Every structure is written in structure tokens, then in C-alpha cells.
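Residue-level structure breakdown
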Amino acid sequence: MTSLIHATAAELADLLSTGVVSSEEVTRAHLDQIADVDGEVHAYLYVDSDRALDTARQVDRKRQQGEQLGRLAGVPVGLKDAFTYMGAPTTCGSKILEGWYPPYNATVTQKLIDADMIILGKTNMDEFAMGSSTENSAYGPTCNPWDLHRIPGGSGGGSAAALASFQAPLTIGSDTGGSIRQPAAVTGTVGVKPTYGAASRYGLVAMASSLDQPGPCARNVMDAALLHEVICGHDPKDSTSINAEVPNVVAAAATKDVRGLKIGIVKELGGEGYEPEVLARFREAIDLLANAGAEIHEVSCPHFPAALGAYYLIMPSEVSSNLARFDAMRYGLRVGDDGSTSTEQVMRTTRGAGFGAEVKRRIILGTYALSSGYYDAYYGSAQKVRTLIIRDFTQAFETVDVLMSPTSPTTAFTIGERANDPIAMYKADLCTIPTNLAGNAAMSIPAGLGDNSMPVGVQIMAPPQGDDRLYRVGGALEALLQDKWGGPLLGTLAKEAR
Amino acid sequence: MTLTNADVARLADLARLDLTPEELSVMAGQLDVILDAVASVSEVAGDDVPPSSHALDLTNVFRVDEVHQSLSPEAALKMAPAVEDGRFRVPRILGE
């Protein structure tokens, strides 16, 4: 038997349901691992040990009493600090929310609780999910478990690093421009951005509401599917929630069959600016799928090169509006209220003191893009490009079932390397952004290692509500790659850790 | 496109965001670079392309008009920076 921290979520679920182990044992094993390694990795901002153990014992009791429990009952999970969870501080990686305890649970959080999963704690992230490295967290960066001097991606670097360092078998992320998929790629884990509206945004601290989407993070495709099933579904509390059945992602992950499937390679997502090793691993993955019976086509999405620019106008515009709520009046930090200062000055002082550099940069950029005289040239033009990106996807999906590309142009860069170069940082999300603009579904899975022994990810993209196709292709490719490697990519880290 | 420190200061004012002089000048330079990088966006789409504010076709959503348990005043005020008489206490609003 593999040790409890190295087991997959599906294996843990089986061990729990057959009574081989208790949830308390599984939870304790993960809390011990957090105590052992998180001083170095810094994946968690808050570890909820006592409640996690209490909940685990309750679930064990329910099971002993013969209650029918969900498949993932008793399995631990880490929650990105962007989701509210009553009784635990929710900071979103920002000083402006330091010490804030939310008065309600996010729908995603509530679904984890209702599924009897064990929430281990809150994972680190770039402040308000703005970043591709987790260096923008007000509480210090997370380190990549493959090389502690390198970034774990972002914004959900904590959720990805927790998986790669065996501090949780499953974690929750949120993806606005790649914040689930890019961290998955650079840590050798699996991350899924479901179709926009598949998982509720209620209780997810808003960054850019038309782009934000919660999703599952895992060490393998089947585990991601099991978590996907738990967190997705219609929610009346989110007006953009999809009111339709969740595609059967668990069955799709189990098929491992791509015969006759049409896979499009996006011509525009590759070439200059991409590390040769990233392109090589991508090519090898495509060859494996072709040998397994998939039809490979080259597809052009001519407007994708404009996606990054459109995103960096649309997203900051929404950010500048959404973050207006941090006004020092009803919750969060308040600075400079000495009895003589005006409300407006207290707002200015508080926001100046509470927000970090990247957040300020995006608020100013968004304020500019929306300001009178510039609105049409910037925000208006970006919205038109968004239409063209949606059309590119629609046309591509008329001829192919899924699209594929590298997940990120490079492997993990070193901490500090891009900190003062916003454009270089933004380019980490070059391949992931089009999907957010168009609202369709995408997944990143590990494709091997680069020259620097750092993980490379490949991205699979499916039409809206075609999330099951991601799992079908992802599950099949994962099996083919693991046959070649003789086990999971993370197996090497697991061996080192033992 | 060149953004001056004064331009950034005006935007910061609109956003109710205090920036230090150092932040102003660093940001002016960085915003220039970012705006240069995104400027080509205005040349991509013709006049015939309609804008999309959203990925989905959004329609207004109504819920049933039923009374639900809502947040209690105590819970709503619990994390407030300042409270007075069961209400949020805010700093001075009117000019003195």
C-alpha cells in the first residue's frame, strides 16, 4: 500500500469506504506532512487542524453508523484563500483582509462540507488572484516543490504546491486567466477550468467577474473529475450559474479511449517565445494521442495573438470596479480614522496601505481603460476582440472535438526573475487566457520535464459544456504518458520525500 | 502614449487610492509599457464586430420571491472596523 499522503484521492476514498483506514488517520497524516514540509513550501496561509480532525472523526462516526456517504467523504482537501469559509480567516492573499472572518460560506465551500470532505486549510495565492507566481501574496511567496527557488505558478500557487508536496490529495482553485492551469503546468499536477458558470462564484472573492471560474486541482485526471463532480452544479445565488446537468466527467475520465477523436493543434499557440523543451513535450504528447487513434489537425485561431492585450484591458477594468468594495467601511482594514479625517480620505489611506503593488497597478490600469475619452479605444476595442476570440473557438470546434496547446510558454522561472517586469509575468498566461475570454472549458496535465528538470504542462480545450471531453482526452493521455514513464511524474518527488 | 506622474495621480484620485511619490513614478513607467503592449487591440476588430461584455449570452435571472433567513445584524456587523448603536460607524462624511 502506498502511504496515505502519496495515495490518490480515489484510492483514499476506497480505503475509507472499505474501512481499511479512518478519515482521522488520513487527515492526521496530511496534517503531519504539512507540519513537516510547509515551513519550506509555504503552500498554506492557514491550517485548520482542530476542525479538520473533528470533522474527520464525525465522518468516521457517520460511516460506522452505516450512513450513505459521498465518494469523497473523509478525503482531505485544501481551499484557495479566495473562497469564504466560516470560522477560518479569508485574506485572498491581501493585507486589506487580514484577520477577516467571513459571515457565510462560499457555495463551493458548502459543497465540500456537504460532501463530508475534510478542509485542511486555506492555500496561498497572489493577492486577489492577480499574478502568475504567487509572489504577489502579501504573506510571502509559495515555493515550487520541484525546486524551492522557483515559482509554483499563480495565482493558485499554494493549491498546486500543496498537491506536489503531498500536503493534500485535492485542492480548489479559481481561474481568471490561467490561475488553475498555469500552476498545474509548472508543478506537474492537474488543473481544470470548467466551463464558465459550471461552478458557482458565490463566496469567491471577485477579481474579474466575467472571467472568474472555480475549479478542481489534483495529482491525476480521475481525482480532478471526482472533485469536479462535487463542486459543480447550478446555484441560484450566482446569476451566471449554468442551469443544466453537469457533464459526466467521471465516466469520461475512465474511458481512456481517443480513437476517432479529432484533436486540433492551435497554430498560434507555439513558436517564438516558447521554450524548445515545452514544444518538444507538447509534440510528444500529440504523437502519443495520434498513435492511440486520435485524428490530429492543425487549426488556426487568427485572433488569439490579440487575446493577451484584450485580457489586460478587460480584466483590470473589472478589477477596478470589483475592488471598489474595499472601502474600509463595513469590513476589512481601516487606516487613518482619527475622528477628524473624512470618509473619503480614510478610504484613500486604507486602500493605499492595504493593497500591494500589482493590485494597485491593475486598479489604475482599469480606471484608465474605463475613463471618459479612452473607453472606446481600450475597453470597447477589447470587448470586440473578445467577440473575435469566441468566434475563433466556435469555428475551430466545428471541425475538431478539442483543441490542444502547451499550457504555458515556459517552465517555472526563478523567484524574483520577473517581479519587476509585468509584461514578462503576464506572458505566462498567453495560452490560457483565450479560454477565459470565451468562457469554454480547459485542463492542464503534466507532459514530462524540461531540460531544467522542471515540469511541462499541456492544455486541452473543449467547447462550453464539453468538460467531459477534457477528461476523456486527459485521462487517455495521462495513461499513455505514465506507461512511458513507468508511473506518475510526481512519483520522483514522492520517492525523494520518503 | 506617455503617462505622466500627474496623469497617474489623477487616476489614483478617481480610484480613491493613495500612492506615494515613488509609487507614482514607478507606476507611470510600467503603465506606459503595458499600454504600449495592449495598444494594438484597437486595430484588430472592424466596426462591424459587436462587443462582448461576457462569454455567455446573459439573460436576466429572477428568483422566486420567498422570505429566507438572511444575515443577522450581529453577523453583518461582527467584522466591521467600527460599530455604533447596531450600525456601521463611518468617519466624517460632510465637509466641516
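For the structure itself, look to the data block above.
Residues numbered from 1 in each chain as written. Chains lettered and ligands numbered in written order. Predicted model: local features only at pLDDT ≥ 70, side-chain atom pairs only at ≥ 80, totals over all residues. Heavy atoms only, no water.

**Brief notes about the side chain of A:Gln459**
Residues and elements named next belong to chain A. Structurally, the position occupied by Gln459 is in strand β11 (residues 455–462). For Gln459, a relative accessible area of 0% translates into the label buried. Among the polar contacts made by the side chain of Gln459, one reaches the side chain of Arg181 at a distance of 2.8 Å. Setting aside anything within four residues of it in sequence, one finds Gln459 in contact with Arg181, Leu403, Met404, Ser405, Pro406, Thr407, Cys431, Thr432, Thr435, Ala442, Met443 and Ser444. (Helix = DSSP H or I, 4+ residues; strand = E, 2+ residues; numbered from the N terminus. Buried < 20%, exposed > 50% of the residue type's maximum accessible area, 1.4 Å probe, protein only. Polar contact = N/O pair within 3.5 Å; in protein donor to acceptor, adjacent residues only side chain to side chain. Contact = heavy atoms within 4.5 Å.)

**Digging into the sheet that holds strand β1 (residues 44–47) of chain A**
Residue and element names in this part refer to chain A. The strand order across the open sheet built from 11 strands is β1-β3-β2-β4-β6-β5-β10-β11-β9-β7-β8, with neighbouring strands paired in mixed fashion. The open sheet has two edge strands with one neighbour each: β1 and β8 (295–299). With strand direction ignored, the average angle separating the axes of adjacent strands in the sheet is 25 degrees. Helix α16 (residues 467–485) contacts β5 (190–193), β6 (214–218), β7 (262–266), β9 (402–406), β10 (441–449) and β11 of the sheet and is inclined by roughly 5 degrees relative to β10. (Pairing = 2+ DSSP bridges. Axes fitted to C-alpha atoms, helices over the stretch in contact; angles between N-to-C directions.)

**Things to note about the state of the cysteines**
One way to say it: the disulfide is the covalent bond shared by the sulfur atoms of two cysteines. All names here are of chain A. Tallied over the full model, the rule gives zero disulfides over all chains. Unpaired in this structure, Cys217 has its nearest cysteine sulfur neighbour in Cys232, at a distance of 12 Å. Free cysteine Cys431: the closest other cysteine sulfur is in Cys301, separated by 12 Å. On the basis of relative accessibility, which here comes to 0%, the residue Cys431 falls in the buried class. (Disulfide = S-S within 2.5 Å.)

**Here's the deal with the environment of A:Glu98**
Residues and elements named next belong to chain A. Among the secondary structure elements, Glu98 is positioned in the loop between β2 (76–80) and α4 (107–114). Overall, the relative accessible area of 49% leaves Glu98 in the partly exposed class. Separated by 41 residues in sequence, Glu98 and Tyr139 place their C-alpha atoms 9.7 Å apart. Apart from residues lying up to four places away in sequence, Glu98 is in contact with Thr91 and Tyr139.

**Notes on the side chain of A:Thr343**
Summarising the element assignment, A:Thr343 is placed in helix α11 (residues 343–354). On the basis of relative accessibility, which here comes to 11%, the residue A:Thr343 falls in the buried class. A polar contact of 2.7 Å, which involves the side chain of A:Thr343, links it to the backbone oxygen of B:Pro91. Setting aside its immediate chain neighbours within four residues, A:Thr343 contacts A:Met329, B:Val90, B:Pro91, B:Arg92 and B:Ile93.

**Quick notes on the layout of surface pockets**
All names here are of chain A. Counted as a void, the largest pocket has a volume near 610 Å³. Lining the largest pocket we find 29 residues, and of these Thr8, Gln482, Gly487, Pro488 and Gly491 sit closest to its centre. For the second largest pocket, the calculated volume is near 500 Å³. Contributing to the lining of the second largest pocket are 25 residues, with Thr84, Trp100, Tyr104, Arg325 and Tyr331 lying nearest its centre. For the lining of the second largest pocket, the residue count by class is 16 nonpolar, three polar and six charged. (1 Å grid on protein atoms, 1.4 Å probe; cavity = no way out; pocket = protein on both sides within 12 Å on 5 of 7 lines; lining within 4 Å. Points joined across faces, edges and corners; volume = space filled by probe spheres on them. Nonpolar A, V, L, I, M, F, W, Y, C, P; charged D, E, K, R; others polar.)

**Some thoughts on the packing of aromatic side chains**
Residue and element names in this part refer to chain A. Under the counting rule described, the total for this entry stands at 14 aromatic pairs over all chains. Members of the aromatic cluster, connected to one another through ring pairs, are Trp100, Phe128, Phe326, Tyr331 and Phe355. Lying over the aromatic face of Tyr85, Arg51 brings its terminal NZ or CZ to 3.9 Å of the ring centre. (Phe/Tyr/Trp six-rings, centres within 6.5 Å; stacked < 30°, edge-to-face > 60°. Lys NZ or Arg CZ within 6 Å of the ring centre and 35° of its normal.)

**Thoughts on helix α7 (residues 221–231) of chain A**
Along an α-helix, a turn takes 3.6 residues, which lines up residues three or four apart on a common side. Residues and elements named next belong to chain A. The element α7 is extensively covered by neighbouring structure, given that nine of its 11 residues are classed as buried. Residues of α7 that are buried include every one of Val221, Asp223, Ala224, Ala225, Leu226, Leu227, His228, Val230 and Ile231, and no others. For α7, the capping residue at the N-terminal end is Asn220, with a side-chain oxygen 3.2 Å from the backbone nitrogen of Met222. Of the residues one or two after α7, Gly233 is the one with positive phi, at around 130 degrees.

**Brief notes about the interface of chain A and chain B**
Contact with chain A, which involves 61 residues of that partner, is made by 49 residues of chain B. Between chain A and chain B, a total of about 4,800 Å² is buried, with carbon and sulfur atoms accounting for 68% of that surface. The largest share of the area that chain A buries against chain B comes from A:Arg348, A:Ile364 and A:Lys384, three residues that together contribute 14% of it. Counting the contacts that link chain A with chain B gives four salt bridges. Of the charged contacts in the structure, one is a salt bridge between A:Asp337 and B:Arg89, with a shortest N-O distance of 3.0 Å. There are 18 residue pairs in polar contact (both at pLDDT 80 or more) connecting chain A and chain B. Elements with a contribution of two residues or more to the side of chain A that touches chain B: α10 (307–322), α11, α12 (357–370), α13 (376–399), α14 (422–426) and α15 (433–438) of chain A. Considering every element that reaches the side of chain A that touches chain B, the biggest residue donor is α13(A), with 12 residues. (Buried area = accessible area lost by both parts, 1.4 Å probe. Salt bridge = Lys/Arg side-chain N within 4 Å of Asp/Glu carboxyl O.)

**Some words on empty space enclosed by the protein**
All names here are of chain A. The full count for this structure, using the stated rule, is five cavities of 30 Å³ or more. Looking at the largest cavity, its volume works out to about 70 Å³. Together, Gly188, Arg219, Pro446, Glu478, Gln482, Trp485, Pro488, Leu489 and Leu490 line the largest cavity. Looking at which element gives the most residues to the lining of the largest cavity, the answer is α16, with three residues.

**A closer look at the packing of α10(A) against α13(A)**
Residue and element names in this part refer to chain A. Two elements in contact, α10 and α13, have axes separated by 9 Å at closest approach and are oriented at 125 degrees. By the angle class used here, α10 and α13 are oblique. Every pair of crossing elements has a handedness; the one defined by α10 and α13 is left-handed. Facing α10, whose interface residues are Ala307, Ala310, Leu313, Ile314, Ser317 and Glu318, α13 presents Tyr378, Tyr379, Ala382, Gln383, Val385, Arg386 and Ile389. A class-by-class count of the residues in the contact of α10 with α13 yields nine nonpolar, two polar and two charged. (Parallel < 35°, antiparallel > 145°, perpendicular 65-115°, else oblique. Left-handed = near helix turned anticlockwise from the far one by under 90°.)

**A short note on the pattern of salt bridges**
All names here are of chain A. According to the stated counting rule, one finds 25 salt bridges over all chains in the structure shown. Measuring nitrogen to oxygen at the nearest pair gives 3.0 Å for the salt bridge that ties Asp337 to Arg334. Classification of Asp337 as partly exposed rests on a relative accessible area of 25%. What you see here is one network of salt bridges that share partners, running through Glu24, Arg28, Asp54 and Arg57.

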